[in-house]
Every structure is written in structure tokens, then in C-alpha cells.
Amino acid sequence: MGTPQPAAVEIHDLWKRFGPQIAVAGVGLTLPAGAFVGLVGPNGAGKTTILSMTTGLLRPDHGTVLIHGADVWRDPAAAKAGIGVLPEGLRMFERLSGRELLQYNGRLRGMAAAEVDRRADELLRILDLDSAGSKLVADYSTGMRKKIGLAAALLHNPSVVFLDEPFEGVDPVSAQTIRRVLKRYAATGSTVVFSSHVMELVEQLCDWVAVVNAGQIVAQGPLEDVRGDRSLHEAFLALVGAREDDGPESLGWLGADRGGAQ
Ligand SMILES: Nc1ncnc2c1ncn2[C@@H]1O[C@H](COP(=O)(O)OP(=O)(O)OP(=O)(O)O)[C@@H](O)[C@H]1O
């Protein structure tokens, strides 16, 4: 066993309620520095809410989040300096071009203009966006938006990136590009945390997994420990209590004699 890594992200007893709905119910997570973390869970499990509270976008009702020891809600400037975020919904400045968006982000992070330009050129090229650099973000496709969002998240060389479903709606070629960039980033000892529904992808990329169900963490740890001797897909279905066969009567009308209701 090597020396245990210090935690990049420590979350204690995190709660969030939306009206009557408790979206996050006492989440605790410890993610080691340098881990490639997959956050998985069924629709509505609370992944986006957890990521939003972890990255300072949504105030928790209760609980603490530390990024490399800095409290996201008490010392946001220190905590946020070291993170990059690809948020849900990809809300961006639509009337900027991709290149301008990166320049804006870089300058906001206090980077020198020449360095921002150098990194922006490189990111646009590696993410196959160089010809789209001057196009308005409003005219980007879903995959292009994910890629420019990833570029913006990485531009200032953060030590942790949080990506909410970075592969959703992305074609296989762009997905491969995003994977390559994330692997390259993780190989430097940086920490990646991303949410996904694609177990095969999480299994390929991640060495650490957290499973969320109904606002709680039902498993977390090294990939091998969480999946055991099953595939992650099977482990996931067992952990979140996937529904068994609904019985022969259910939806019995589907495909039955249409009796004039054509
Ligand atoms: N702003 C909001 N107002 C009311 N309810 C919300 C709000 N945001 C999230 N919720 C509810 O909180 C729960 C968790 O939602 P969340 O988006 O975090 O889940 P998720 O795991 O990211 O889901 P998905 O995989 O479908 O994206 C859901 O029941 C959702 O309806």
C-alpha cells in the first residue's frame, strides 16, 4: 500500500430541500487527490444538486464542502481558485465566440492575456474547435458546447474539475476527444469528478466511484471495491434497487388487438 493521498474533496453531512422534496439527505464524500471519480445514480438521485453545492453554485441547507482544505461556502475565493466546473445546462455567454469565452474566463481568473491566448489556441485545436473559435456560442451544437465548456473549466489549470454529464449528447468522436483530454489532465495527478449514466464509460475511465440514490450515497470507494466481482452496471442496479419484471399483466394493452382504435 502506498501512502494515502490527502483528500481533494471532503463533503460532510450535506443537505438540500426544494419545498417538500429532500433532494440531498446527509451526503458525506471523501475523494482522494488524483482520483478519477465517477458520480453515478438514477435520474433525480441528486447528482446535479450535490455537484452544484460542491462547486459553490447552490447554497446547501446544511453541511460543509472542503476543496483541498478550503471551505467552499466560508472561503469561496480560495476554494474556487483551484477548481474548474462544467455545470449542468451549459449556461454560457451566448453572444461571445468560443475564443472570446475562453479569453473572458482566463482574464476573470487573473491570467495574463498572452498566456490565455496561448492556452486557448491549444485547447481549441486539441478539442477540434479551432475552426469554430470565431463562431458565437449560441450557434454551437451540444457537443461543441460541452467541449468549449470543458476548455473553459481547464484553462486556468485547476487541481480539481467537476463535470456534470460531460458526455451527454456528445457524438463518439467528440466523446473520444473529451476522454483523451481528461485522461491527459488526470495523468498529471489532478482530480476529475464527473457525473454520468453510462456505466461502461465510468468503468473505463474511473478509479473511484460514488453511487447516489434518493439523495444519499449508497456506495463510495475504489472502483474494484464498489463493483466487487460484478460489472459496475450490475452492481449499480443492485445498489439502487432496480425494479424487477412488472409482471405479465402490466402494459398488456401494448401490441394487443387494436380493435378500431387505429
Ligand atoms: N431547483 C429545483 N427545484 C425543485 N426541485 C428540484 C430542483 N433541482 C432539483 N430538484 C429535485 O431534486 C431531485 C434531485 O435532482 P437532481 O437534478 O440533483 O438529480 P440528478 O441525479 O442530477 O438527476 P438526472 O440524472 O436526471 O440529471 C429531483 O427530484 C429534482 O426534481
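Quantities reported herein were computed from a predicted structural model and do not represent experimental measurements.

## What to know about unusual backbone geometry
Comment: phi is negative for the bulk of residues other than glycine, and the bulk of peptide bonds are trans.
Reasoning step 1: Unlike most non-glycine residues, Asp13 shows phi in positive territory, near 45°.
Reasoning step 2: When you line up the elements, Asp13 lands in strand S1 (residues 7-18).
Reasoning step 3: A residue is classified by how much of its surface remains accessible, and Asp13, at 38% relative accessible area, is partly exposed.
Reasoning step 4: Positive phi, close to 55°, is recorded for Asp128, a residue that is not glycine.
Reasoning step 5: Residue position: Asp128 is located in the loop between helix H4 (113-126) and helix H5 (142-154).
Reasoning step 6: What makes Asp128 partly exposed here is its relative accessible area of 46%.

## Topic: the packing of aromatic side chains
Reasoning step 1: For the structure shown, the criterion picks out 3 aromatic pairs.
Reasoning step 2: Where Phe167 meets Phe194, the ring centres are 5.8 Å apart and the plane angle is 75°; that geometry is what we call edge-to-face. Here Phe167, found in the loop between strand S7 (160-164) and helix H6 (172-186), pairs with Phe194, found in strand S8 (residues 191-196); they are 27 residues apart in sequence, far enough to count as distant. Side by side, Phe167 and Phe194 carry an identical accessibility label, which is buried.

## Structural notes on the sheet that holds strand S3 (residues 36-40)
Reasoning step 1: Here we have 6 strands laid out as an open sheet, ordered S6-S7-S8-S3-S9-S10, and mixed in their pairing. In the strand order of this sheet, the two ends are held by strand S6 (83-86) and strand S10 (216-222), each with one partner. Pairwise comparison of adjacent strand axes, ignoring direction, gives a mean angle of 15° for this sheet.
Reasoning step 2: Packing against the sheet, H6 makes contact with S3, S7 and S8, and its axis sits at approximately 145° to S8.

## What about the sheet that holds strand S2 (residues 21-32)?
Reasoning step 1: Here 4 strands make up an open sheet; going across it, the order is S2-S1-S4-S5 and the pairing antiparallel. Of all the strands in the sheet, just S2 and strand S5 (70-71) have a single pairing partner and so form its edges.
Reasoning step 2: Pairing between S1 and S2: 9 bridges, direction antiparallel. Among the inter-strand pairings, Ile11 is bridged to a residue of S2, identified as Leu29.
Reasoning step 3: Contacting S1, S2 and strand S4 (62-67), helix H1 (residues 47-54) runs over the sheet at an angle of about 120° to S1.

## A look at the layout of surface pockets
Reasoning step 1: There is about 610 Å³ of room inside the largest pocket.
Reasoning step 2: In this structure, the largest pocket is lined by 23 residues; those nearest its centre are Val85, Pro87, Asn105, Arg109 and Ala152.
Reasoning step 3: Mapped by element, the contributors of at least two residues to the lining of the largest pocket are S6, helix H3 (98-108) and H5.
Reasoning step 4: With 5 residues, H3 is the largest single contributor of residues to the lining of the largest pocket.
Reasoning step 5: Considering only residue class, the lining of the largest pocket consists of 14 nonpolar, 6 polar and 3 charged.
Reasoning step 6: Each of domain 1 (7-82 + 158-239) and domain 2 (94-151) contributes no fewer than three residues to the lining of the largest pocket.

Reading the values: rules and limits
Residues numbered from 1 in each chain as written. Predicted model: local features only at pLDDT ≥ 70, side-chain atom pairs only at ≥ 80, totals over all residues. Heavy atoms only, no water. Helix = DSSP H or I, 4+ residues; strand = E, 2+ residues; numbered from the N terminus. Buried < 20%, exposed > 50% of the residue type's maximum accessible area, 1.4 Å probe, protein only. Phe/Tyr/Trp six-rings, centres within 6.5 Å; stacked < 30°, edge-to-face > 60°. Pairing = 2+ DSSP bridges. Axes fitted to C-alpha atoms, helices over the stretch in contact; angles between N-to-C directions. Contact = heavy atoms within 4.5 Å. 1 Å grid on protein atoms, 1.4 Å probe; cavity = no way out; pocket = protein on both sides within 12 Å on 5 of 7 lines; lining within 4 Å. Points joined across faces, edges and corners; volume = space filled by probe spheres on them. Nonpolar A, V, L, I, M, F, W, Y, C, P; charged D, E, K, R; others polar. Domains from an automatic or database assignment.

Just geometry here; none of it tells us what the structure is for.
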